[in-house]
Each structure stands twice: as structure tokens, then as C-alpha cells.
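In case you want the letters, here they are:
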Amino acid sequence: MKLAEYLSQEKLTDEAFGALVGMSQSQISRIKRGVSRPSWENLASIERVTGSLVTAADFIPQAPCAPAPEQAA
């Protein structure tokens, strides 16, 4: 689950969530928008506070899927 989705679902502001994980509102905002990534320490806090609904894997950019090669006729 993406952090933005979690915050919306839980009706948490960036500031309120930041207080829970020990980060500033601006850090949460940048992470949520994909401008920056959390440190390993902050990732652990995010995962703990979200009950593992948001994990480190959620911050790994997904590569676009390559189209399947066409079958030779």
C-alpha cells in the first residue's frame, strides 16, 4: 500500500503521521509525493506504525513491464 493511500484511508494528516513516526510534516510530504525516500530507520518506523500495511517494498519504483515478444509465425 502506498503511504498516501494509507494516510487517506486512516484520515491522517502528514503532520499527525509525522508525529507518530518521529518525522516532520515536510519529510512525510516529500516521501508521500515520491520526491524523496525514507531512511532505513524511518522505513522501520513507518512499517511499525502502519502495522506493516506500508513496507519498504512500497517505496521501490516499479519498472514498466516489457511487452511480451511476438510469436514468430
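That block above? That's the structure.
The structure displayed is predicted, hence computed values, not measured ones.

**Quick look at the pattern of salt bridges**
One pass over the full model with this rule turns up one salt bridge. The salt bridge involving Lys 32 is made with Asp 14; its shortest N-O contact spans 2.8 Å. Taken together, the positions of Lys 32 in helix α3 (residues 25-32) and Asp 14 in helix α2 (residues 14-21) put the pair 18 residues apart, joining distant regions of the chain. Among the residues examined, Lys 32 registers a relative accessible area of 33% and is labelled partly exposed.

**Brief notes about the packing of α2 against helix α4 (residues 40-49)**
Relative to each other, α2 and α4 sit at 105°, their axes nearing to 9 Å. What the angle tells us is that α2 and α4 run roughly perpendicular. Mapping the contact onto sequence places Phe 17, Leu 20 and Val 21 in α2 and Ser 45, Ile 46 and Val 49 in α4. Residues of the contact of α2 with α4, tallied by class, amount to five nonpolar, one polar and no charged.

Conventions we followed
- Residues numbered from 1 in each chain as written.
- Predicted model: local features only at pLDDT ≥ 70, side-chain atom pairs only at ≥ 80, totals over all residues.
- Heavy atoms only, no water.
- Salt bridge = Lys/Arg side-chain N within 4 Å of Asp/Glu carboxyl O.
- Helix = DSSP H or I, 4+ residues; strand = E, 2+ residues; numbered from the N terminus.
- Buried < 20%, exposed > 50% of the residue type's maximum accessible area, 1.4 Å probe, protein only.
- Axes fitted to C-alpha atoms, helices over the stretch in contact; angles between N-to-C directions.
- Parallel < 35°, antiparallel > 145°, perpendicular 65-115°, else oblique.
- Contact = heavy atoms within 4.5 Å.
- Nonpolar A, V, L, I, M, F, W, Y, C, P; charged D, E, K, R; others polar.

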